[in-house]
Each structure stands twice: as structure tokens, then as C-alpha cells.
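Structural overview for review
Here's the letter readout for the chains.
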Amino acid sequence: MKNSVSEQNFYIESEEEDEEKELNRDGEGEADVNGTDSDESLADDNRQQSKTGSYNTSWPQSYRQSIDLYSSVPSPNLTFLGTPTLSRLSSSYLSSSLTRRHTPESLPTVVKPLLDKPEDEQLPPQRRSSRSLLPPTLLRRSSSIRKDEKLSRVSHELPMSRQSSFGQALLNGLNVLCGVGILSTPYAAKEGGWLGLSILLIFAVLSFYTGILLRDCLDSEPGLGTYPDIGQAAFGTAGRVVISIILYVELYACCVEYIILESDNLSSLFPNAKISLGGFELDSPHFFALMTTLAVLPTVWLRDLSVLSYISAGGVIASVLVVLCLFWIGLIDNVGIHSEGTVLNLGTLPVAIGLYGYCYSGHAVFPNIYTSMAQPNRFPAVLLACFGICTLMYAGVAYMGYTMFGEKTESQFTLNLPQDLVASKVAVWTTVVNPFTKYALTMSPVAMSLEELIPSNHMKSHMYAICIRTALVISTLLVALSVPFFGLVMSLIGSLLTMLVTLILPCACFLSILRGKATRFQVCHCYQCLHSQI
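Residues numbered from 1 in each chain as written. Predicted model: local features only at pLDDT ≥ 70, side-chain atom pairs only at ≥ 80, totals over all residues. Heavy atoms only, no water.

1. Quick word on helix α12 (residues 227–269)
Note the cut-off: Helix and strand assignments come from DSSP, with helices taken as H or I runs of at least 4 residues and strands as E runs of at least 2, each series counted from the N terminus. Take the residue count of a helix, subtract one, and multiply by 1.5 Å to get its expected span. Think of it this way: the bend at a residue is just the angle between two axes, each fitted to seven residues, one set ending at that residue and the other starting at it. Only protein chains enter the accessibility calculation, which uses a 1.4 Å probe; a residue is then buried when its area is under 20% of its type maximum, exposed when over 50%, and partly exposed in between.
Between its first and last C-alpha atoms α12 spans 40 Å; for 43 residues at 1.5 Å apiece the expected length is 63 Å, and the helix comes up short by more than 12%. At F235, α12 shows its maximal bend, which comes to roughly 145 degrees. Judged by how many residues are buried, α12 sits mostly within the fold: 34 of 43 residues are covered.

Here it is, written out as C-alpha cells:
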């Protein structure tokens, strides 16, 4: 009549094994609950699940975790995912949990049902069982929820918890879009003229539309959760690898931009700073580029990047603060409006196009934001709000900066601000501090993808991963010193990489995945977008 502790443990283990078998059976668990599924539907489930299971075997497997840290997608409630495992995910160089050979064994321990009671947290992770804790009346409902959970995640990655609210998703989207690109919008207005501002609006509309296309691609098949997953569904393993490389190159180029940004702004604050080493003299820009690299190098070795992830979420506040400082200087400090500007500059219009395109480089993160939302049907509203707010900020800064500084507008408007004003100091120092919190998070996805390629006999050696990260940081310094032109590098990134990720690839993937289901309107718009970019 009484169950011993060992008997209870055996019972829980048996229930846990039953759940795992139920999750692994393709459609059989739902058939046992309802009792009405036909053999044909089970066969369809088998084919569908075998297809989605193929998305978890190709490089890169660390994309979702690293991008979630980079964009602060996870909800602040970290206990749902499990703190120890999150620490391992944020420090792949201290663990082999993200390598292809060991990830499947380390991650299932954090998969917990959404209906767990608080008492369940007192049990060891390997003993937890929702079936043994739920009332009998909820067993059928929990079975269907576990079925949905299985279909809404890629097995090699953390569960897509779908617990982000509308406000969290909006903040994450703004944090990605409101970056250093806002500093160059006045320079883009100078290079393209006033009519060039229409390109900013056109890019905003097209980027919003392609964001919706990415959502349609994610909804086309269960198991799709990231941009590389979409690429694999559209073009196979080659598509996954190519799209991943493009996304990583874009992140790497952003790190180069951070080095140039720090060098330009610090050298404007301290123009006489220099150093001599053995007869070799470094001027102010080169000196601060080197100092910035040495300062950010330890951050890429951090064991836990989750702290930086939440600090970098203040990027939205930093961007708003810099914008307010610009308007304060122009309107309150009476710097005034001195230039009417030109209507159109055809000779330098391509530079403006690249700079405006860089402003909307958020599509690499949008799939993660969508799959993390508690109400995915509100994703279009999130996109609309993000693009609307950012476009107003970009256009306002472009207008104010260009009218204030005219043809003397620098690639970063902070370089034009009068140095004797308090608002100027606030804007410049905010611009200087912000990249220090974002560099490691931006470089982390690139480093983690390369660490997956470490041979299995060297996976436990931390030195290999540390060398990879150090080499990446040093290489960004060398590239920044070779091409120390902030506006030019940003324009190249916007023209070559951002437009590819934002406008071309979403349309190509959509046409490949949904070519039989897409409407004529969607097909026409996709082809028009492709032809306009190519």
C-alpha cells in the first residue's frame, strides 16, 4: 500500500521515459489521445517530422543561442531555461555543449513542460515529470502541449519558449535596428540630397514586407526557427551554410565598424594623444584603435555573456539620448540651421543608398523574435512599430544634422558637435561607451560558429577557442586600420551584405519554399524586389 522512495523514483523515471518516447513517436502520441487519427495522417506526420529533423544536423548549430544573446531575445525569467545550461551556452569556449557531437546529450535536461508546478522545481532535473504531477483531467491537454512544443523547436537547440510579450519583442526589435547607423544618416542626406531621403522610406517599406515573408517561411514547416533554417528549407544544406556565412560576415563587419567608431570619437576628444614604441610613433586614431582592441579583448573571453546581453539592451536608450542631444544643440543651444542643402547628388547617391540600407539590418534576428513571442500573430504589429519608430528617428536626425552642418557634415554627426557644450560631451561619451557592451555579443556568434569546427579530440582544450576569439579581435583591428573610413565601410556593408540579407534572400527563400502557395501579388512583389536589387 505504501510506495518506497525507490519505487516512486522508478515510477517517475518510467513516466519520463514514456514522455520521451511519446515525443519521439511521429504522431503516435496524439493518435493515442484522440483515437481518431487515420494511418494516412500518421504517415504524413512521419514524413513531416523526418523532414524537420534534418534541420538540426548541419553547421551552424549554435546560431539560435548566440543570436538570442546578441539581441536579448530571451525573457528576463532565466530560471525557465536553467541557469547552468545558459552559462554553458554563453561560454562555448569553456564547454563542448555547443559542438555537434555533444549538444544533443547536454540540452534535453533543460526541456521542461510549460505546465510544471512550482513544487516541481524542488526535484532533480532528471526526475521531473509533468505527467506524475498533473491531475488526470489535464493529462490529455499536457500531451497536446508537449506535441506543440516538439514541433516548435529545433531539437539541437533550446526550446522556443514563446513567452516574450509584445513589449519585449518591440524592445528587442528596436535594440537591433537602432544602432550606429543613426550616426551616419545626416552624412547620407548630404551624399544623396534631400530627394535621397525617399530611399529611406522605400527601404523601410520593403524591409517590413520582407520581414513578413520571413514569418511566412517560418510558418510553412514545423521546426523552422532561425534564418539558417529557412535557408536550408529553401535551398538545402548549401543554402544554410551560405546564408550563415553571409550573416556572420555582416556581424564581423559590424565589429570592424565599432573599432573605427571608437577611434574616430576618442581621437576627436583627445587629438594630441599619441605614443612612441621603439621609434615607431602611433598617432591619435591608430593609438585609440589599438587601445579599443585591448579593452574589448577580455570581454570576448567572458564566461557569461548574459550580463552584457542585458546591458546592451540599453542601446535603445543610448540612441534616443544621442538624438535628443543633437536636437538640444540645434534648437536650445542655438547652433542653428545654416544650410538649405542640395536637392539631389547623383554622383554620390550610391553611397547614400548603402548608408540607408545599413539602417535596417535586423532581419537576421527577426525569426528569433517571432519564434519567442507568446502571441506570434502580433509579430506584424511589432515589425510595423519598429520600422515606424526607427524611420522617424532616422529621418529626423538626417534632417536636423544636414541642416545644421551642411556640406561639412562628417560620417558621424558626433564629430561635428561643438566640443564646449555639455550636450555634445554627453552625446560623444554615450557613443563611445555603447560599443564596448556590444562588441563581444556581436562577435560571439562568429566565434561560436568557428568553435563548432574544432576537432573532437581538441574540444576540451580551452586554448583553441581562446585563440580563435583573440585572432578574430585582432583581425578586426587590422581591417579597421586598413580601411579607416567609417562612412565608406558602412556603405559597403549596407550595399553588399545588409541588402542581401534584408531584401534579396527573404524573397528568394519565400519563392523557393512557398512557390506553390504564394499569391500572384506576393510573387510579383518578390520578383520586383529581386530585380530592383540585382
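2. Describing the pattern of salt bridges
Short version of the rule: Salt bridge criterion: a side-chain nitrogen from Lys or Arg within 4 Å of a carboxyl oxygen from Asp or Glu.
Scanning all chains against the criterion turns up 5 salt bridges. Between D216 and R215 there is a salt bridge whose closest N-O contact spans 3.1 Å. Grouping residues by exposure puts D216 and R215 together as buried. The residue K274 makes a salt bridge to E281 at a minimum N-O spacing of 3.8 Å.

3. So, the UniProt feature "transmembrane region" (unreviewed entry) in the chain
Formally: UniProt positions are given in the numbering used here, feature names are shortened, and annotations may be inferred rather than shown by experiment.
Under the local residue numbering, the UniProt record ascribes the feature "transmembrane region" (unreviewed entry) to residues 169–188, 194–214, 241–261, 310–331, 343–360, 381–402, 462–486 and 492–514. In this annotation, residues 241–261 is assigned 100% helix and 0% strand; the end-to-end C-alpha distance for the span is 30 Å.

4. A look at the nonpolar core
Here is the rule: For this analysis, a nonpolar core means a set of buried residues of the types Ala, Val, Leu, Ile, Met, Phe, Trp, Tyr and Cys, connected via side-chain atoms within 4.5 Å. Working rule for contacts: check all heavy atoms of both residues, and any pair within 4.5 Å makes them a contact.
Counting residues in each nonpolar core, the largest one holds 117 residues, and the members touching the most others are Y227, L326, Y356, Y360, F413, Y439 and F510. The biggest single contributor to this core is α12, with 18 residues. Beyond its immediate chain neighbours, meaning those up to four positions away, L326 contacts V397, M400, G401, M404, F405, F413 and L417. In this structure, L266, L282, F287 and V432 belong to the second largest nonpolar core, which totals 6 residues.

5. Thoughts on the confidence of the model for the chain
The criterion, for reference: A residue's pLDDT is the predictor's confidence in that residue, given on a scale from 0 to 100.
A residue-level look at the chain finds 68% of positions with pLDDT of 70 or above and a mean pLDDT of 75. Confidence drops under a pLDDT of 50 for residues 1–16, and excluding neighbours within four residues, the segment shows 12 contacts in the predicted structure. The low-confidence segment residues 73–160, where pLDDT is below 50, has 173 contacts with residues more than four positions distant or belonging to other chains.

6. Some details on the packing of helix α11 (residues 197–220) against helix α21 (residues 486–513)
As a reminder, the rule being used: The axes are straight lines fitted to the C-alpha atoms, using for helices just the contacting stretch, and the angles between their N-to-C directions are given from 0 to 180°. Here is the rule for angles: anything less than 35 degrees is roughly parallel, anything more than 145 is roughly antiparallel, 65 through 115 is roughly perpendicular, and the remaining ranges are oblique. Each helix crossing is assigned a hand: it is left-handed if the near helix lies turned anticlockwise from the far helix by less than a right angle, otherwise right-handed if that turn is clockwise. Residues are grouped as follows: Ala, Val, Leu, Ile, Met, Phe, Trp, Tyr, Cys and Pro are nonpolar; Asp, Glu, Lys and Arg are charged; every other residue, Gly included, is polar.
Running from amino to carboxyl end, α11 crosses α21 at an angle of 40 degrees, the nearest separation of the two axes being 9 Å. With respect to each other, α11 and α21 are oriented oblique. Note on packing geometry: the crossing formed by α11 with α21 is left-handed. Seen from α11, the contacting residues are F203, L206, S207, T210, L213, L214, D216, C217 and S220; seen from α21, they are M499, T502, L503, P506, C507, C509, F510 and I513. Across the contact of α11 with α21, the residue classes tally to 12 nonpolar, 4 polar and 1 charged.

7. Regarding the side chain of S267
Convention followed: For the purposes of these results, a polar contact is taken to be a pair of N or O atoms within 3.5 Å, where, inside protein, one atom must be able to donate a hydrogen and its partner to accept one; residues adjacent in sequence count only when each atom of the pair is a side-chain atom.
Along the chain, S267 falls in helix α12. Judged by its relative accessible area of 12%, S267 is buried. Reaching out from S267, the side chain makes a polar contact with the backbone oxygen of S263 at a distance of 2.7 Å. In terms of polar contacts, S267 uses its side chain to reach the backbone carbonyl oxygen of D264, at 2.9 Å. Not counting residues within four places of it along the chain, the set of residues in contact with S267 comprises S284, P285 and F288.

8. Side note on the environment of I260
Structurally, I260 is set in helix α12. Considering only alpha carbons, one finds I260 and T476, 216 residues apart in sequence, at a separation of 9.6 Å. Residues contacting I260, with those up to four places away along its chain left out, are A480, V483, P484, F485, F486 and V489.

9. Topic: the packing of helix α10 (residues 185–192) against helix α16 (residues 349–358)
For the pair α10 and α16, the least separation of the axes is 7 Å and the interaxial angle reads 150 degrees. As far as their axial angle goes, α16 and α10 are roughly antiparallel. Considering only the axes of α10 and α16, their crossing is left-handed. Between α10 and α16, the residues in contact are T185, Y187, A188, A189, E191 and G192 and L349, V351, A352, L355 and Y356, respectively. Residue composition of the contact of α10 with α16, by class: 8 nonpolar, 2 polar and 1 charged.

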